[in-house]
Amino acid sequence: MASASKSATTNNTLPWVEKYRPTVLKDVVGNAETVDRLNVISTSGNMPNLILAGAPGIGKTTSILCLAHALLGPTYKEAVLELNASDDRGIEVVRNRIKMFAQKKVNLPAGRHKVIILDEADSMTPGAQQALRRTMEIYSNTTRFALACNLSNKIIEPIQSRCAILRFGALSKEQILHRLVEICRAEDLKYTPEGLEAVAFSADGDMRQAINNLQSTSSGFGFISPDNVFRVCDQPHPVVIRKMLKNCVSGDVDDAVTCISHLWSQGYSAVDIITAIFRVVKIDIELEEETKLQFIREIGITHMRIVDGLQTLVQLQGLAARMCKFAIPEKVFQV
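What you see is a predicted model; the values in this text were computed from it and never measured.

Along its length, the protein chain carries 17 helices and 7 strands. Across the 335 residues of the protein chain, 45% fall into the buried class. Partitioning the contacts of the protein chain with sequence separation of at least 6, the portion at a separation of at least 24 is 72%. Roughly 17400 Å² of accessible area belongs to the protein chain as shown, and the carbon and sulfur atoms make up 51% of that amount. One finds the centroid of the 38 positive side-chain charges in the protein chain at a distance of 8 Å from the centroid of its 36 negative side-chain charges.

Pasting the structure below:
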């Protein structure tokens, strides 16, 4: 009884990203084609070396853990070595920990291999990657490698040529919303549909970020509403940005600049504001295609200037004025 009570307490204190992490491939959200390829591998049992590339928080590590569970069953704990970015990734780790694990004898189901999972593999030093290439060759009969990374081009060519590359794309708002609703029902949370949409917007395709934001809002306020979400996430409110963009579409320069100045006065940086403007233009407002392309071009130019160091209110106000210019007849500017 004491053990069951302790287990329940531990489960309640787990972060939701771990509590609701899928354990089988069919529960992984999004990237259906890539997950289908992993399903084929789990069925056949013949796992190649893999590189899983894509943005953070979209299921790369979770997918490979699910695959390892499906392939190895009860021997999972003995036959899987997982190294995260927090571990030292120098050449000594490859020569010692990885090589020693590859040499270890483990009783496995017929036709199965030990699995070494290297998360954030693109952060490994070039020397470590070269040492890893040789290790992959020597122990190919007993061990398979799965390298999760954000950018596959940071993995050296000799390793890329030895691996099957699987690419993961950002999750859609609908996919994130579906998962958030499931978690809200499981946790018996009070929410509004607009609140969950705000959580999905704040995550920008990152499921891990969405679940963390949901848990933070629930812990802080007990109710998932748009205002509560953006207070927790501390991002520029998309309602203000939508109002600014509508002023730009109608050519109202003064009101558009006022909206930008309001966000600036709340303490948001130029990068925060320009990023939020881009996301609203891209996914959260109805615009004519030509207008949207013109706005994105101007946003891109301004973002480049801000990243170069010109993080000033003048840059943002100039962006608002240039976007308004598209709606104002050319003859107004003629002298």
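What follows concerns empty space enclosed by the protein. This model, assessed by the stated rule, comprises 1 cavity of 30 Å³ or more. Taken as a whole, the largest cavity encloses approximately 40 Å³ of empty space. Forming the boundary of the largest cavity are Gly45, Met47, Leu71, Leu72, Arg112, His113, Val115 and Arg144. Classifying every residue of the lining of the largest cavity by side-chain character gives 4 nonpolar, 2 polar and 2 charged.

Further remarks concern the state of the cysteines. Taken as a whole and judged by the stated rule, the model has 0 disulfides. Cys163 supplies the cysteine sulfur nearest to Cys149, a cysteine that is in no disulfide, at a spacing of 9.6 Å. According to the relative accessible area criterion, Cys149 is buried, its value standing at 1%.

With that settled, consider the side chain of Thr62. Here Thr62 is to be found in helix α4 (residues 60-72). Only 3.4 Å separates the side chain of Thr62 from the side chain of Arg21, close enough to count as a polar contact. With residues near it in sequence (within four places) discarded, Thr62 still touches Arg21, Pro22 and Val28.

The final tally for this structure, using the stated rule, is 2 aromatic pairs. Ring geometry for Phe201 and Phe230: centres 6.2 Å apart, planes at 65°, overall edge-to-face. With a gap of 29 residues between them, Phe201 in helix α10 (residues 193-203) and Phe230 in helix α12 (residues 226-233) connect regions that are remote in the sequence. Between Phe295 and Phe326, the aromatic rings sit 6.3 Å apart at their centres with planes inclined by 35°, giving tilted as the arrangement. Pair noted here: Phe295 is in helix α16 (residues 289-307) and Phe326 is in the segment after α17 (313-325), with a separation of 31 residues, a long-range link. Given the relative accessible area of 33%, Phe326 is considered partly exposed. A cation over a ring is seen here: Lys114 above Phe101, with NZ or CZ 5.7 Å from the ring centre. Above the ring of Phe201, the side-chain terminus of Arg279 is found at 5.0 Å from the ring centroid.

Every α-helix winds through 3.6 residues per turn, so residues three or four apart in the chain are directed the same way. Taking 1.5 Å as the rise per residue, helix α3 (residues 32-44) with 13 residues should run 18 Å; its terminal C-alpha atoms sit 18 Å apart, in good agreement. On the buried face of α3, the contacting elements are β1 (50-54), α4 and β5 (164-168).

Moving on: α4. The first and last C-alpha atoms of α4 sit 18 Å apart over 13 residues, in line with the 18 Å expected at 1.5 Å per residue. For α4, a buried count of 11 out of 13 residues is recorded, marking the element as mostly surrounded by other parts of the structure. Turning to α4, its buried residues are Lys60, Thr61, Thr62, Ser63, Ile64, Leu65, Cys66, Leu67, Ala68, Leu71 and Leu72. Looking one or two residues past α4, Gly73 carries a phi angle of roughly 55°, positive in sign.

Turning to the sheet that holds strand β2 (residues 80-83), a few remarks are in order. Read across the open sheet, the 5 strands follow the order β2-β3-β4-β1-β5; overall the sheet is parallel. For this open sheet the edge positions go to β2 and β5, each flanked by a neighbour on one side alone. For this sheet, the mean inter-axis angle between neighbouring strands, taken without regard to orientation, is 15°. Note that strand β3 (residues 114-118) and strand β4 (residues 143-149) share 5 bridges and pair parallel. Of the residues in β4, the one forming a bridge with Lys114 is Thr143.

Before going further, it helps to spend a moment on the pattern of salt bridges. All chains considered together, the criterion is met by 8 salt bridges. Here Glu187 and Lys19 are joined by a salt bridge, their closest N and O atoms 2.8 Å apart. Taken together, the residues Glu187 in helix α9 (residues 173-187) and Lys19 in helix α2 (residues 16-19) connect sequence positions 168 residues apart. A salt bridge links Arg134 to Glu137, with the shortest nitrogen-to-oxygen separation between them at 2.7 Å. With Arg134 and Glu137 both in helix α7 (residues 126-138) and 3 residues apart, this pair spans about one turn of that helix.

Closest axis-to-axis distance for the α3/α4 pair is 9 Å, and the angle between their directions is 20°. Considering the angle they form, α3 stands roughly parallel to α4. Between α3 and α4 lies a crossing whose hand is right-handed. Along the contact surface, α3 presents Leu38, Ile41 and Ser42, while α4 presents Ser63, Leu67, Ala70 and Leu71. A breakdown of the residues in the contact of α3 with α4 according to their chemical character gives 5 nonpolar, 2 polar and no charged.

Reading the values: rules and limits
- Residues numbered from 1 in each chain as written.
- Predicted model: local features only at pLDDT ≥ 70, side-chain atom pairs only at ≥ 80, totals over all residues.
- Heavy atoms only, no water.
- Helix = DSSP H or I, 4+ residues; strand = E, 2+ residues; numbered from the N terminus.
- Buried < 20%, exposed > 50% of the residue type's maximum accessible area, 1.4 Å probe, protein only.
- Contact = heavy atoms within 4.5 Å.
- Areas by Shrake-Rupley, 256 points an atom, 1.4 Å probe, with all protein chains shown as cover.
- Lys, Arg positive; Asp, Glu negative; His and termini not counted.
- Charge placed at Lys NZ, Arg CZ, Asp CG, Glu CD.
- 1 Å grid on protein atoms, 1.4 Å probe; cavity = no way out; pocket = protein on both sides within 12 Å on 5 of 7 lines; lining within 4 Å.
- Points joined across faces, edges and corners; volume = space filled by probe spheres on them.
- Nonpolar A, V, L, I, M, F, W, Y, C, P; charged D, E, K, R; others polar.
- Disulfide = S-S within 2.5 Å.
- Polar contact = N/O pair within 3.5 Å; in protein donor to acceptor, adjacent residues only side chain to side chain.
- Phe/Tyr/Trp six-rings, centres within 6.5 Å; stacked < 30°, edge-to-face > 60°.
- Lys NZ or Arg CZ within 6 Å of the ring centre and 35° of its normal.
- Expected span 1.5 Å × (residues − 1).
- Pairing = 2+ DSSP bridges.
- Axes fitted to C-alpha atoms, helices over the stretch in contact; angles between N-to-C directions.
- Salt bridge = Lys/Arg side-chain N within 4 Å of Asp/Glu carboxyl O.
- Parallel < 35°, antiparallel > 145°, perpendicular 65-115°, else oblique.
- Left-handed = near helix turned anticlockwise from the far one by under 90°.

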